[in-house]
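Listed here are the chains, written in short residue letters.
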Amino acid sequence: MNHPGKTFKKVEVQAYYNHIHHQMNNDGEPTAFPDSTRMPPFALYIVVNAHSHTSGGKVAITLKTDTSYHVEVGGNFFSNYRKAIREIDHRDTHANIFTDLAWPGATVTMGGVYGSVSHSFGKIYTLSGTLRADQIHNKADTASQFFLQNVSQNLTASHLVLSGNITFNVAPVKHWNFFLGLGSVARSADASELYSDRFPSTKAQMSAEFVGNPELNPERTYQSDLWIEGTYPGFSVSVD
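Residues numbered from 1 in each chain as written. Predicted model: local features only at pLDDT ≥ 70, side-chain atom pairs only at ≥ 80, totals over all residues. Heavy atoms only, no water.

**Q** Can you help me understand the overall build of the protein chain in this one?
**A** Scanning the protein chain for helices and strands turns up 2 helices and 11 strands. For the protein chain, the succession of helices and strands along the chain, N to C, is β-β-β-β-β-α-β-β-α-β-β-β-β. Here the C-alpha radius of gyration of the protein chain, 26 Å, is well above what a compact globule of 240 residues would show, namely 18 Å. Over its C-alpha atoms, taken along the principal directions, the protein chain stretches across nearly 80 × 40 × 35 Å. When the 240 residues of the protein chain are sorted by exposure, 31% land in the buried category. Across the protein chain, the fraction of contacts at a sequence separation of at least 24, relative to all contacts at a separation of at least 6, is 61%. Here the protein chain has roughly 15,200 Å² of accessible surface; of this, 59% comes from carbon and sulfur atoms. One way to put it: in the protein chain the 18 positive side-chain charges average out to a point 12 Å from where the 21 negative ones average out. (Helix = DSSP H or I, 4+ residues; strand = E, 2+ residues; numbered from the N terminus. Rg over C-alpha atoms; globule rule 2.2 N^0.38 Å. Buried < 20%, exposed > 50% of the residue type's maximum accessible area, 1.4 Å probe, protein only. Contact = heavy atoms within 4.5 Å. Areas by Shrake-Rupley, 256 points an atom, 1.4 Å probe, with all protein chains shown as cover. Lys, Arg positive; Asp, Glu negative; His and termini not counted. Charge placed at Lys NZ, Arg CZ, Asp CG, Glu CD.)

Listed below in structure tokens is the structure:
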């Protein structure tokens, strides 16, 4: 909404919720039929029941300032819970061979706040910067003995991460802009990277099973940019 008051120029509010229950099985696959050359030789029934709950929201506020400033503050919240149980049975006798946790009851929660300021120095120079702080909390309600013995017994972790960028823009002549930017961003691992337990992967060179690691720290990237932009009524050019 626009012009909500004397202090705020614009206020944006968003909230969302999503629930997924997804079941996968091996019907029609080679493992669903007997094969004397394979171990085990009898037909298998493999089923994975997966649940995911996601909720979150954000608030973004643009403040009323003079024309040389643009100021925006805001925050957002995100939470995702997921759990997946894999069961392998004898397809004919229905006897259970084993049941395991592909994902334990894992929750990834993130809450962050940010501020962004842009200031124009006349018609030639503009300086912009953004600073963001995120509190991240990861936990799992349980894990298999294999996971606890071979990966980690610590299923909970919290991180406070900072991200930011600064951009300097120069427009020395009409139609041309020169930009210099510096920034650093942190990304937290998702539930698959943190808590997956021998989950099958077939998108590599060979089929494999992998496990997550709840002790993973957020990964950080650093970036610097220099680019030139020219815009005319009939064409535009950009080099970076």
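**Q** Please clarify how the pairing of strand β4 (residues 96–121) should be interpreted in this entry.
**A** When a strand is regular, its side chains alternate between the sheet's two faces. As paired strands, strand β3 (residues 69–90) and β4 are joined by 20 bridges and run antiparallel to one another. From the neighbouring strand, Gly74 faces β4, where its bridge partner is Tyr114. Between the antiparallel neighbours β3 and β4 lie 5 residues, among them His94 with a positive phi of about 65°. Pairing of β4 with strand β5 (residues 125–140), which is carried by 16 bridges, proceeds in the antiparallel orientation. (Pairing = 2+ DSSP bridges.)

**Q** Even after reading the chapter, I still don't get the environment of Ala191, so can you show me in this structure?
**A** Relative to the helices and strands, Ala191 resides in helix α2 (residues 191–195). Given a relative accessible area of 2%, Ala191 falls into the buried group. The spatial distance from the C-alpha of Ala191 to the C-alpha of Gly56 is 16 Å, given a sequence separation of 135 residues. If we skip the residues at most four places from it in the chain, Ala191 touches Arg82, Ala106, Val108 and Ser196.

**Q** Explanation requested: the pattern of salt bridges in the structure shown.
**A** Two side chains carrying opposite charge are able to pair once their charged atoms lie near each other. Under the defined criterion, the tally for this structure stands at 6 salt bridges. Taking the shortest distance from any N to any O, the salt bridge between Glu219 and Arg187 comes out at 2.8 Å. In this pair, Glu219 sits in strand β10 (residues 219–231) while Arg187 sits in strand β7 (residues 176–187), placing the two residues 32 residues apart along the sequence. (Salt bridge = Lys/Arg side-chain N within 4 Å of Asp/Glu carboxyl O.)

**Q** Explain a nonpolar patch on the surface to me, please; I cannot follow it from the model alone.
**A** Together, Phe121, Ile124, Tyr125, Leu127, Ile166, Phe168, Leu180, Leu182 and Leu226 make up a nonpolar patch on the protein surface, roughly 810 Å² of accessible area in all. Contributing elements (two or more residues each) for the nonpolar patch: β5, β6 (156–170) and β7. By the element assignment, Leu180 lies in strand β7. For Leu180, a relative accessible area of 45% gives the class partly exposed. (Patch = residues over 30% accessible without salt bridge, like charges linked within 9 Å, V, L, I, M, F, W, Y side chains within 5 Å.)

**Q** Can you help me understand the environment of Tyr69 in this one?
**A** Of note, Tyr69 is situated in strand β3. Those residues within four positions of Tyr69 in sequence are excluded, and the remaining contacts are Val117, Ser118 and His119.

**Q** I'm lost on the nonpolar core in this one. Help?
**A** Soluble globular proteins tend to pack their nonpolar side chains together in the buried interior. Counting 10 residues, the largest nonpolar core is built from Ala106, Val108, Ala140, Ala143, Phe147, Leu155, Ala189, Ala191, Leu194 and Tyr195. Residue assignment for this core shows that the elements contributing at least two residues are β4 and α2. With 3 residues, the single largest contributor to this core is α2. Contact partners of Leu194, with chain neighbours within four places excluded, come to Val108, Asn138, Phe147, Ala189, Gly212, Asn213, Pro214 and Leu216. (Core = buried A, V, L, I, M, F, W, Y, C linked by side-chain atoms within 4.5 Å.)

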